[in-house]
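Analysis of the macromolecular model
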Amino acid sequence: FDIAPILYGIGIALLLYLMLFGRLTANVRSWIHIFGFQFQPSEFMKIFTALMVARYFDSNDRAYLDVRSFMWVMGIIGLPVFFIIMQPDFGTAASFFPLVAVAMFFGGIRARVWIAMALIVAIALPIGWLAMKPYQKERILIFLNPEQDPLGAGYHITQSKIAIGSGGIHGKGCRHGTQAKREFLPARHTDFVFAVLGEEWGFI
């Protein structure tokens, strides 16, 4: 029983729900809130899209994709990317682009097409930068250099690095991490849980 199309359809439905009825959280409509629990459908959609692309390749008898088949693959990837950009969550949308590279590689795309794609990306980058909102630009700049605003926009990532570094090799012990316990790390319940684990359990 092939479950990939079902999962892909559920993921698209959840992204559509967010676009129509999603609640604004941290400037984006990326989270679904249910009884105090929240999750991002876009994170699951990465897996569902990869499964759907794999299914398409498995059902394709040709050694290489023709233009029509390649456009189908781009459509499979492009549909969730469109909904995620509309949230707007460009960071998560950008994480889908390795799937495009995989599709191009296995599709037998010629070298000149790779070069053309690279040139298009190079031209699109400065245009995309100009189109970004101020908070999106700030996130990129802080990601590259959090020390430029350690008490403001760069506070969280700076504290996470302190937490991981203070854990050392063996860590401070379960529930003995000062960064988390004293709430120096505010959003430790997100993907920054890694910093909490690093502080309490250490490098090992």
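Refer to the preceding data block for the structure.
Scoring rules and cut-offs
Residues numbered from 1 in each chain as written. Predicted model: local features only at pLDDT ≥ 70, side-chain atom pairs only at ≥ 80, totals over all residues. Heavy atoms only, no water. Helix = DSSP H or I, 4+ residues; strand = E, 2+ residues; numbered from the N terminus. Buried < 20%, exposed > 50% of the residue type's maximum accessible area, 1.4 Å probe, protein only. Contact = heavy atoms within 4.5 Å. Polar contact = N/O pair within 3.5 Å; in protein donor to acceptor, adjacent residues only side chain to side chain. Salt bridge = Lys/Arg side-chain N within 4 Å of Asp/Glu carboxyl O. Patch = residues over 30% accessible without salt bridge, like charges linked within 9 Å, V, L, I, M, F, W, Y side chains within 5 Å. Areas by Shrake-Rupley, 256 points an atom, 1.4 Å probe, with all protein chains shown as cover. Axes fitted to C-alpha atoms, helices over the stretch in contact; angles between N-to-C directions. Parallel < 35°, antiparallel > 145°, perpendicular 65-115°, else oblique. Left-handed = near helix turned anticlockwise from the far one by under 90°. Nonpolar A, V, L, I, M, F, W, Y, C, P; charged D, E, K, R; others polar.

Take the environment of T49 next. Tracing the sequence through the fold places T49 in helix α2 (residues 41-59). On the basis of relative accessible area, T49 is assigned to the buried category, the value being 0%. Sequence separation between T49 and P80 is 31 residues; the distance between their C-alpha atoms is 8.0 Å. In this view, T49 contacts Y8, I76, I77, P80, F96 and L99; residues no more than four positions away in its chain are not counted. Separated by 2.7 Å, the side chain of T49 and the backbone oxygen of M45 make a polar contact.

Under the definition given, this model contains four salt bridges. Between K46 and E43 there is a salt bridge whose closest N-O contact spans 3.1 Å. Of this pair, K46 and E43 both sit in helix α2, three residues apart, which is roughly one turn of that helix. With relative accessibility at 34%, the residue E43 sits in the partly exposed group. Of the charged contacts, one joins E147 and K161 as a salt bridge, the two residues approaching to 3.0 Å between their closest N and O atoms. Separated by 14 residues along the polypeptide, E147 in the loop between α7 (134-144) and α8 (155-167) and K161 in helix α8 bring together distant segments of the chain. Taking relative accessible area as the criterion, E147 reaches 46% and is therefore assigned partly exposed. Among the residues examined, K161 registers a relative accessible area of 45% and is labelled partly exposed.

Right, let's talk about a nonpolar patch on the surface for a bit. A cluster of nonpolar side chains, L16, Y17, M19, L20, F21, F82 and M86, forms an exposed patch at the surface whose accessible area comes to about 710 Å². Top contributing element to the nonpolar patch by residue count: helix α1 (residues 4-21), with five residues. For M19, the position within the fold is in helix α1.

Attention shifts here to the packing of α1 against helix α3 (residues 67-85). α3 packs onto α1 with a crossing angle of 25° between their chain directions and a minimal axis gap of 9 Å. The orientation of α1 relative to α3 falls into the category roughly parallel. Crossing handedness for the pair α1 and α3: left-handed. Across the interface between the two elements, Y8, I12, L15, L16 and M19 of α1 pack against G75, I76, L79, P80, F83 and I84 of α3. Of the residues assigned to the contact of α1 with α3, the class counts are 10 nonpolar, one polar and no charged.

Purely geometric numbers; function is a separate question.
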